[in-house]
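The chain contents come next:
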Amino acid sequence: MTDSVEAQDDSYAAARLRLLTQEARSGPPRRAELAALTDRWLAGLAGAAAEATGATGWALLAVGGYGRGELSPRSDLDLVLLHDSERSVGAFADRLWYPVWDLGLALDHSVRTPDEARKAAADDLKVQLGLLDARHLAGDPALGSALRSTVLADWRNQAPKRLPALRELCQERAERQGELSYLLEPDLKEARGGLRDATALRAVAASWLADAPRDGLEQARTRLLDTRDALHLVTGRATDRLALQEQDQVAAALGLLDADALLRQVYEAARRISYAADVTWREVARVLKARESRPRRRLLGRGRTTPAAGVPERVPLAEGVVEQEGEAVLALAAKPDRDPVLPLRAAAAAAQAGLPLSPHAVRRLAASARPLPVPWPAEAREQLLTLLGAGESTVQVWEALEAEGLVTRLLPDWERVHCRPQRNAVHRFTVDRHLVETAVQAAGLTRRVGRPDLLLTAALLHDIGKGWPGDHSEAGEVIARDVAVRIGFSAADAETLALLVRHHLLLIDTATRRDLDDPETVRAVAATVRDTSTLELLAALTEADALATGPAAWSTWRASLLAELVGKVAGALDTGAVPEAAERESTAEEERLAIEAARTGGPVLALRAHAEAEAEGEAPHEALGVELLLAVPDRPALLALAAGVLALHRLGVRAADLRAVDPVGEGQVALLNWRVSAEYGALPEAARLRADLARAFDGTLDIEARLAEREAAYPRRRGITPPPPRVTVAPGHTSQTATVIEVRAHDAPGLLHRIGLALTATGVTVRSARISTLGANAVDAFYVVGKDGKALSPHRAAETARQLEAALR
């Protein structure tokens, strides 16, 4: 008997291995064949165990994914051993489970009587969901069939109570795991739009209360299952998380071009499931509400035909569009085949009313609506702008249009950005959703601009070039101009939109990376934007873009820099002249610190919450809320030494201004005005910071050794390999008084210290710096001069950049 079981195990293991290593077999056929192979093996094990122990009145059931006949390479075997006797079946169960464990297969099992199984289902929603997919493997078929029928009947009878609980489970999981369609490392099973949600939709359908939109749903689920299969085979682990380091291999296993193509397919599948879930849960809520109100309606109506008594009330929203039962639907008299503007009118009316657009209406519009003429009629353009200006409610309506392909029919260029991933931790969304989110943010800024129509359109199109090779701003400029003409804007407006898209990063890049006191900075921006109307549009677009990107892209500090730049450029445009640079006068506190530093020969500092942070109620240690004033007799490597000490105290530098003064006529003192933030915890004491600065300047503090010790004590987790740093020289017209060296690198403790050392080694002096951190990326600009105090020659600047990049690598 034992030899026979072992032979079965060996045969199953060999057949399983052959099946999983056949590259030509994949997808649903392989999952079904693996399930059938496992069925036969387990049935043999169960029969042998029953014979050996004399067990009767039992049935072995597969539940969950295995019950559906879908086995991924590393899936658990979800099994229930049913028995109808009071006698112990422990010996029988042991003979059944141990061979499974011996082969190293994951097993989720239970041993219950039918009554125990039914009670467990009543007590635990997850158990009940698993039993809905129960499938007979071995033993008495009637035993398993009776349990499944009983559990299914209970599910349908209890649906009014169980479905709200299931929806709550789905919502909690979504909050915990996030949206699959926007995550760079998504959980294919648990995230919103994943396999768990697809299973929940099956359960809703089994309740007979509602059903999910079927179009594309099974294909979406299959795509996620195929991806998980490839992930299991690539990693050799039972994992559902699509980690960055495995995406290229998984893509290759699926025959896809690269990881981006993989993510795009995964995102499309997740969106289909998410959209189906939204529609389904709305329908469940509608049905349950109708059930609750039905007795009351009959009592109050007393047999009369009223809207409450059975005929849904229809409230007009726009021409051809009405509200019915919490959704925007088409009016009975609507004729999509004769009204090409109807899709946009229906979408705009739904968004403005804060209602979802009925999936039946969207499907009908997609099937029968006539295409819009080119250029669009004025009403079509106005309805698009009304949709974009609705704010948050725009998103669900836009998703409904996308689900049925209406967006790409209206805007063909949208196809290139649809579900396109953004491999940047700063971005929360895919390219297409980011564009819609930017329009949502821009809707709240329309009162600031004279042309809200141009602002909303630019918001929707500003990253449209990311679907094309090369610089996305340059590609987007061409596309935006074509789209503007297509949807009916005048030639002048089309040029303005093209300019906004081409230069949508101009203001934030300039504000965070350039010296705003340098007249050349203001002159360059003014020459690009040309007039105050365009400037106000670009400023609003910049803010909307940053807010839609994520928390790391917008802050009090960035807002203040943008406002300062816009104010100076507006002044230049109004007067037609840019004021020449004036020597900045020191504040009373800066003069006091400089005099004390000159007299004592050591560093003097003041550390305080910045006024803007105080005004907004931020804690002193929060990002960008701390101002550090440091005065110290000028010396070589000043930037590197000071930055190193700040790194030791876990202070990140966000902005830096360095200049030399001679307060008492006895030698120059360097004044450093920095904004810093604590990585975590409270700010260091000013006395300790000053003591360490003094030691660094007199050479008794080995910054390199201390940083190395800290790194060794708290080793960083192994993660992705960041791209190498890049150092460039800004165009010569950027500044008339200095050369601007730009550094783009992975942010890390001590980065500014290393940059300062490398710049000192090249023999240049840092006059000021703009330090910008976006997520894990540092984008810093350094205004440097030679020993003569003037800007570097082009050859010297290029050599300095090359040496700095080599040092950072």
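First, a word on what this report is: a plain description of the structure on this page. Sequence order as written defines the numbering, with residues in each chain counted from 1. It should be noted that, the model being predicted, local features are given only for residues of pLDDT at least 70 and side-chain atom pairs only at 80 or more, the latter also being counted only at that level, while totals for whole chains, interfaces and linings use all residues. Heavy atoms throughout the structure, all of them, feed into the side-chain values; hydrogens and water do not.

## Thoughts on the packing of helix α6 (residues 125-132) against helix α7 (residues 141-157)
The line we're drawing: Note on geometry: axes are C-alpha line fits, over the in-contact stretch for helices, and angles between N-to-C directions span 0 to 180 degrees. Only DSSP runs of H or I reaching four residues or more are called helices, and only runs of E reaching two or more are called strands; each is numbered from the N terminus. The labels follow the angle: roughly parallel below 35 degrees, roughly antiparallel above 145, roughly perpendicular from 65 to 115, and oblique for the rest. Put simply, a crossing is left-handed when the front helix is turned counterclockwise from the back one by less than a right angle, and right-handed when it is turned clockwise. Here, residues are in contact when the closest pair of their heavy atoms is within 4.5 Å. All residues other than Ala, Val, Leu, Ile, Met, Phe, Trp, Tyr, Cys, Pro, Asp, Glu, Lys and Arg, Gly among them, are scored as polar; the first ten of these are nonpolar and the last four charged.
Relative orientation of the contacting elements α6 and α7 amounts to 125 degrees, with a least axis distance of 9 Å. Accordingly, the angle class assigned to the pair α6 and α7 is oblique. As for how α6 packs across α7, the hand of that crossing is left-handed. Residues Leu125, Gln128, Leu129, Leu131 and Leu132 of α6 form the contact with α7, whose own contacting residues are Leu147, Arg148, Val151, Leu152, Asp154 and Trp155. Considered class by class, the residues forming the contact of α6 with α7 number eight nonpolar, one polar and two charged.

## As for α6
Quick note on the threshold: Think of it in three bands: residues with accessible area under 20% of the maximum for their type are buried, residues over 50% are exposed, and the middle band is partly exposed, with areas taken using a 1.4 Å probe on protein chains only. Polar contacts, as used here, are pairs of N or O atoms within 3.5 Å; protein pairs need one atom able to donate a hydrogen and one able to accept it. Residues neighboring in sequence count only if both atoms are side-chain atoms.
Of all eight residues making up α6, six are buried, and the element is well covered by its neighbours. For α6, the set of buried residues is Leu125, Gln128, Leu129, Gly130, Leu131 and Leu132. Each element contacted by the buried residues of α6 is listed here: α3 (64-67), β2 (77-83), α5 (114-123), α7, α8 (159-177) and α9 (195-207). If you check the start of α6, you find a side-chain oxygen 2.9 Å away from the backbone N of Lys126, and it comes from Asp124.

## Notes on the pattern of salt bridges
Under the convention used in this document: We count a salt bridge whenever a side-chain nitrogen from Lys or Arg sits within 4 Å of a carboxyl oxygen from Asp or Glu.
Counted by the stated rule, this structure contains 52 salt bridges. Among the ionic pairs, Arg271 bridges to Asp432, the shortest N-O distance being 2.6 Å. A residue pair is termed long-range when its members are at least 10 positions apart, and Arg271 in helix α12 (residues 259-301) and Asp432 in helix α18 (residues 431-443) qualify at 161 residues. Arg271 gets classed as buried once you look at its relative accessible area, which sits at 15%. For Arg592, the salt bridge goes to Glu596, with nearest N and O atoms at 3.9 Å. A residue pair is termed a helical-turn pair when its members lie 3 or 4 positions apart in one helix, as Arg592 and Glu596 do in helix α26 (residues 588-600) at four residues. A relative accessible area of 45% means that Arg592 is categorised as partly exposed. We classify Glu596 as partly exposed; its relative accessible area is 27%. Among the ionic contacts, a cluster of salt bridges with common partners joins Arg68, Glu70, Asp133, Arg202, Glu218 and Arg221.

## Some points on α9
Formally: A helix's residues, less one, multiplied by 1.5 Å, set its expected span.
Between its first and last C-alpha, α9 extends 19 Å over 13 residues, near the 18 Å set by a 1.5 Å rise per residue. By the criterion of burial, α9 is predominantly enclosed, with ten of the 13 residues buried. Every buried residue belonging to α9 is among Leu195, Asp197, Ala198, Ala200, Leu201, Ala203, Val204, Ala205, Ala206 and Ser207, and all of these are buried. One or two steps after α9, the chain reaches Trp208, where phi turns positive at roughly 70 degrees.

## Some remarks on the sheet that holds strand β7 (residues 327-330)
The line we're drawing: A strand pair is defined by DSSP finding two or more bridges across the two strands.
Overall, antiparallel pairing links the three strands, which are arranged β5-β6-β7 in an open sheet. At either end of the open sheet lies a strand with only one pairing partner, and these are β5 (314-318) and β7. In this sheet, adjacent strand axes meet at a mean angle of 40 degrees when their direction is disregarded. Here strand β6 (residues 321-324) pairs with β7 via four bridges, running antiparallel. When the sheet's bridge partners are listed, Val321 is paired in β7 with Leu330.

## Some points on the sheet that holds strand β4 (residues 135-139)
The strand order across the open sheet built from four strands is β3-β2-β1-β4, with neighbouring strands paired in mixed fashion. Each end of this open sheet is capped by a strand with a single partner; those strands are β3 (107-112) and β4. Strand-to-strand twist across the sheet, computed as the mean angle between neighbouring axes with direction ignored, equals 20 degrees. Looking at chain direction, strand β1 (residues 58-62) and β2 are connected through five bridges and run antiparallel. Bridge pairing in β2 links Ala62 to Leu79. Across the face of the sheet, helix α2 (residues 27-53) comes into contact with β1, β2 and β4 while running at roughly 35 degrees to β4. On top of the sheet, α5 reaches β2 and β3; it is set at about 120 degrees to β3, its chief contact.

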